[in-house]
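# Observations on the three-dimensional arrangement
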Amino acid sequence: MPISNRSRTRLAATILALALATGGAAGLIGGAAPPAAGTPPSPGAPVSEQTEQVLLFDDFDGTSLDTSLWTPGLHQWGSDNNGVVPENVWLDTVSDGAGGRLSALVTRANGDDYDGSVRGIKATDASYPIGDPRRYTRQDTGVRTGGLVWTNERYGAGRYEVRMKALPYSGGCSCVWNYYNPDDGSDYTEIDIEIPAAGTADRSDWRQWVGFNSYIAPTAAGGTSEDVDVNIDNHDGAFHTYRWDWYDGSGGTARIEFYIDDIHFTTQTLTVPTSPAPLWVGNWAAHWSGSFDYDTQYLYVDWVRISTLPAS
């Protein structure tokens, strides 16, 4: 997400693949929690005996966001948007789609018809860190503002799962991603699930396109971007579980496997990051995400889980 104007050029991916090859840069119902984690494996235990360890789990079952785990997002990047603001994030109970109710994280998207009290932001002073109010200038309008949260802690390789109901309309990117980019430019981690995929929002079948991406540098040549027709209506008003399994190569083949509702769609091996990063969840007004001809729409997150994976 932090990369503005996401270049989807396959030439860049081909160049990176050639460089690597030649020795270059090295469905749960009603909001029920996922199955409980097993105990961590003993040192030296065979892989077959190892069980997962849950590093973070939140089902947003409370009256307010748990700020010991999450930061309500204040940030702006890219073009033609007014950022994400904490006023567009809260907890509530919502329909589970099966006649019941569940607790959820609510993130609001404001379109071009919005005339409410929320005001957006522009990033105007990069000398302050992301999320620091001094980095931004409040705007006179709240149009094209989104809402999201990011984890206070950085998490490394493992299984990342988010059960959420995506924005119902175009004109906003429903997204899950991690992101680490130190100021000295010495490292980079980014793995994305973007709904809809960049450049597909003007298609008649935009609802079933998903972007699966990974980056080891904030450039097109440093990333792998796949826009995939998953043949699933991601905007159908139902909760879906979006997941990636990130193997950083420390215990086997470096790769990222992407899933929706436990269906595997793609595996990426060329640009697999290694450094831990915060996880970001919610929506933002990506200029490529479609028409903003609406007042407000909402994304709901039932639960988020990050857990370890056996070595492979």
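Rules and cut-offs
- Here, residues in each chain are numbered from 1, in the same order as that chain's written sequence.
- With pLDDT at 70 or above as the cut-off, local features in this predicted model cover only qualifying residues; side-chain atom pairs require 80 or more to be listed or tallied, and sums for whole chains, interfaces and linings still use all residues.
- To get the side-chain values, all heavy atoms of the structure are used, and hydrogens and water are removed first.
- For patch building, the residue pool is restricted to those with more than 30% relative accessible area and no salt bridge; the joining distance is 9 Å between like charges and 5 Å between nonpolar side chains (Val, Leu, Ile, Met, Phe, Trp, Tyr).
- Computed by Shrake-Rupley with a 1.4 Å probe, the accessible areas treat only the displayed protein chains as cover when residues are assessed.
- Salt bridges are defined by distance alone: a side-chain nitrogen of Lys or Arg within 4 Å of a carboxyl oxygen of Asp or Glu.
- The positive count covers Lys and Arg only, the negative count covers Asp and Glu only, and His and the chain ends enter neither.
- Charge positions come from single atoms, namely NZ of Lys, CZ of Arg, CG of Asp or CD of Glu.
- Counting from the N terminus, the helices are DSSP H or I runs at least four residues long and the strands are E runs at least two residues long.
- Buried, partly exposed and exposed residues are distinguished by accessible area as a fraction of the type maximum, computed with a 1.4 Å probe on protein chains only: under 20%, between the cut-offs, and over 50%, respectively.
- Strand pairing follows a simple DSSP-based rule, namely that at least 2 bridges must link the two strands.
- Here, two residues are considered to be in contact whenever any of their heavy atoms come within 4.5 Å of each other.
- Note on ring pairs: Phe, Tyr and Trp rings are taken, using the six-membered ring of Trp, and paired if centres are within 6.5 Å. Classes follow the plane angle, with under 30 degrees stacked, over 60 edge-to-face and the rest tilted.
- Charge over a ring is defined by NZ of Lys or CZ of Arg lying within 6 Å of the ring centre and within 35 degrees of the ring normal.
- Confidence of the predictor in every single residue is expressed as pLDDT, which spans 0 to 100.
- Side-chain atoms within 4.5 Å are what join buried Ala, Val, Leu, Ile, Met, Phe, Trp, Tyr and Cys residues into a set we call a nonpolar core.
- Put plainly, a pocket is an open set of points on a 1 Å grid over the protein atoms alone with protein on both sides within 12 Å along at least five of seven lines, a cavity is a set where a 1.4 Å probe fits but cannot get out, and a lining residue has an atom within 4 Å of a point.
- Grid points are joined across faces, edges and corners, and a volume is the space filled by probe spheres set on the points.
- Residue polarity follows a fixed list, in which Ala, Val, Leu, Ile, Met, Phe, Trp, Tyr, Cys and Pro are nonpolar, Asp, Glu, Lys and Arg are charged, and the others, Gly among them, are polar.

On the surface, Asp-113, Asp-115, Asp-293 and Asp-295 cluster together into a negatively charged patch. Its place among the elements puts Asp-293 in the loop between β16 (279-284) and β17 (296-307). Here Asp-293 falls in the exposed class, since its relative accessible area comes to 61%.

Take the pairing of strand β3 (residues 89-95) next. Direction of pairing for β3 relative to strand β4 (residues 101-110): antiparallel, over a ladder of seven bridges. Looking at β4, one finds that Ser-95 is bridged to Arg-101.

Let us now look at the environment of Val-85. Relative to the helices and strands, Val-85 is located in the loop between β2 (70-72) and β3. Judged by its relative accessible area of 0%, Val-85 falls in the buried class. For the pair Val-85 and Gly-147, spaced 62 residues apart in sequence, the C-alpha separation works out to 5.7 Å. Each residue touching Val-85, except ones within four places of it in the same chain, is listed here: Gly-73, Leu-74, Val-118, Arg-119, Gly-120, Ile-121, Arg-138, Gly-146 and Gly-147.

This next bit is on the packing of aromatic side chains. Scanning the model with the defined rule gives 19 aromatic pairs in all. On the numbers, 6.3 Å between centres and 45 degrees between planes, the contact of Phe-57 with Trp-303 is tilted. Taken as a pair, Phe-57 in strand β1 (residues 54-58) and Trp-303 in strand β17 lie far apart in primary sequence, 246 residues in all. Taking relative accessible area as the criterion, Phe-57 reaches 29% and is therefore assigned partly exposed. Ring centres of Trp-284 and Trp-288 lie 6.3 Å apart, and the angle between their planes is 85 degrees; on these two criteria the pair is classed as edge-to-face. Assessed through its relative accessible area of 5%, Trp-284 is described here as buried. By relative accessible area, which is 13% here, Trp-288 ends up buried. Clustering of aromatic rings is evident, with ring pairs tying together Trp-77, Trp-150, Trp-177, Tyr-179, Tyr-188, Trp-280, Trp-284 and Trp-288. In this structure, Arg-255 packs its charged tip against the face of Tyr-247, placed 3.8 Å from the ring centre.

Looking at the protein as a whole, the pLDDT averages 87, with 84% of positions reaching at least 70. Contacts from residues 4-49, a stretch scored under 50 in pLDDT, to residues over four places away or in other chains number 63 contacts.

Turning our eyes to something else, we now look at the environment of Val-281. Relative to the helices and strands, Val-281 resides in strand β16. Accessibility expressed as a relative area gives 0% for Val-281, which makes it buried. Sequence spacing of Val-281 and Thr-151 is 130 residues, and the spatial spacing of their C-alpha atoms is 8.9 Å. If sequence neighbours within four positions are ignored, Val-281 has contacts with Leu-148, Val-149, Val-162, Cys-175, Val-176, Val-301 and Val-304.

Let us now look at the nonpolar core. Grouped together as the largest cluster of nonpolar side chains are 39 residues, with contacts concentrated most on Trp-244, Val-301 and Val-304. Of all the elements, β17 adds the most residues to this core, at four residues. Setting aside its immediate chain neighbours within four residues, Val-304 contacts Leu-56, Phe-57, Asp-58, Phe-60, Trp-70, Glu-161, Val-162, Leu-279 and Val-281. Ranked by size, the runner-up nonpolar core spans 15 residues in total, among them Leu-148, Trp-150, Tyr-188 and Trp-280.

Bringing the layout of surface pockets into the picture now. Roughly 430 Å³ of internal volume is contained in the largest pocket. Forming the walls of the largest pocket are 19 residues, and the residues nearest its centre are Ile-130, Arg-135, Tyr-179, Asn-181 and Asp-183. In terms of residue class, the lining of the largest pocket is made up of twelve nonpolar, five polar and two charged.

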